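Structural description and commentary
One letter stands for each residue in the lines below.
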Amino acid sequence: MPNPDVVLACEALDRTFYSKDAGQNKVLQDINFEMRKGEFVVLIGPSGCGKSTLLNIIAGFDKPSAGRALIDGAPIVGPGPDKAMVFQDYALLPWLNARENIEIGLRMQNIPAKQRTETAKYFLNLVGLAEASERPVYKLSGGMQQRVSIARALALKPKVLLMDEPFGALDAFQRAIMHKELIRIWRATQATIIFVTHSLEEAIFLGERVVAMTPKAVGFTGELRIDMARPRDPLSPEFASLKRELYDMLTAHMPADADIFAE
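In every chain, residue numbers begin from 1 and rise along the written sequence. Local features in a predicted model are, by the rule used here, given only for residues with pLDDT of at least 70; side-chain atom pairs are given and counted only at 80 or more, and totals for whole chains, interfaces and linings are based on all residues. Remark: hydrogens and water are excluded; side-chain values derive from all non-hydrogen atoms of the structure.

With that settled, the discussion passes to the sheet that holds strand β8 (residues 193-197). Strand order in the open sheet made by the six strands is β6-β7-β8-β3-β9-β10, with mixed pairing throughout. Because the sheet does not close on itself, it has two edges, and the strands there are β6 (83-86) and β10 (219-225). On average, adjacent strands in this sheet sit at an angle of 20 degrees to one another, irrespective of strand direction. Looking at chain direction, strand β7 (residues 160-164) and β8 are connected through four bridges and run parallel. Residue pairing for β8: Met-163 is matched across the bridge by Phe-195. Each pair of strands is called paired provided DSSP finds at least two bridges between the two strands. Helical segments are the DSSP runs of H or I of at least four residues, strand segments are the runs of E of at least two, and each set is numbered from the N terminus. The axes used here are C-alpha line fits, helices contributing only the stretch in contact, and every angle between their N-to-C directions lies in the interval 0 to 180 degrees.

Before going further, it helps to spend a moment on empty space enclosed by the protein. Buriedness for pockets is judged along seven lines, at least five of which must meet protein on both sides within 12 Å for an open set on the 1 Å grid over protein atoms alone, while cavities are sets there where a 1.4 Å probe fits but cannot get out, and lining residues have an atom within 4 Å of a point. Grid points are joined across faces, edges and corners, and a volume is the space filled by probe spheres set on the points. In this structure the tally under the stated criterion is two cavities of 30 Å³ or more. Put simply, the largest cavity is a space of about 50 Å³. The wall of the largest cavity is formed by Ile-57, Gly-60, Asp-62, Lys-63, Pro-64, Ala-69, Ile-76, Val-77 and Gly-78. Counted by class, the lining of the largest cavity contains five nonpolar, two polar and two charged residues. The residue classification treats Ala, Val, Leu, Ile, Met, Phe, Trp, Tyr, Cys and Pro as nonpolar and Asp, Glu, Lys and Arg as charged. All others, Gly included, are polar.

Only protein chains enter the accessibility calculation, which uses a 1.4 Å probe. A residue is then buried if its area is under 20% of the maximum for its type, exposed if over 50%, and partly exposed in between. Of all the positions in helix α2 (residues 98-108), only Ala-98, Arg-99, Asn-101, Ile-102, Glu-103, Gly-105 and Leu-106 are classed as buried. Two residues form a contact once any of their heavy atoms are found within 4.5 Å. Buried positions along α2 lie against α3 (113-126) and α4 (142-155). Asn-110, located one to two residues past α2, shows a positive phi value of around 60 degrees.

Across the sheet, which stays open at both edges, the four strands sit in the order β2-β1-β4-β5 with antiparallel pairing between neighbours. The open sheet has two edge strands, β2 (23-36) and β5 (74-75), and neither has a second partner. One ladder, built from two bridges, connects strand β4 (residues 66-71) with β5; its direction is antiparallel. Bridging from a neighbouring strand, Ile-71 pairs with Ala-74 of β5.

A helix is expected to span 1.5 Å multiplied by its residue count minus one. With 15 residues, helix α7 (residues 237-251) should reach 21 Å at 1.5 Å per residue; the first-to-last C-alpha distance of 21 Å fits that figure. Taken as a whole, α7 has its buried residues at Phe-239, Leu-242, Leu-246, Met-249, Leu-250 and Thr-251. Looking at the buried positions of α7, the neighbouring elements they touch are β3 (40-44), α6 (200-206), β9 (209-214) and β10.

Take a look at the structure:
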């Protein structure tokens, strides 16, 4: 009998790509994974380990070669409002203002105009952009645009919020601000978040659980539960110890001279 507390599940999930030149390329193998409502889980690993592929399958943009992914016990068969994605490149319409960008998804759900506007303004206020509601998004900073993107995703009230390296285009200062803001937003909304990164610091700062992936293992190589109190201090000995533990988990299946975080 399915566990009612489990929002997202992957069962024996594989993904293999084929091409005439390269032949068979197995990216994911035997992925078994569960998330409970309100959890913040981070997937970490180097480029090519299958993080984004797994996220695309959960979002319904791709299909597994074997196994299945489920939301609330029902197989994922395609995109839908129960899964919302936040991308690194914001994916906003630059000729619209912040509020209008958020209302697009709500319009597709046939929500009345007044309710759309009220919802958009509520989530803009939640992400700290109440004053920017009517500003064209191309006039906003990168951090502000990503806040609009997060507000747009949350406005759909998804069962799972998927975030694919959403702060990768930001400078270090803006990224640190967005880390704190995301934790605040997560606590306020109790959203279920799965966040993809290749940054050790980002994973430890944000996640309740961190799941490690490497190309050699073609899937998960370990899981680290982060019980460190919030707000987390990246300069503390406890943070440094967790960073070492996570690094060792990631490199356990790699050659000694491999640079797993090389671009």
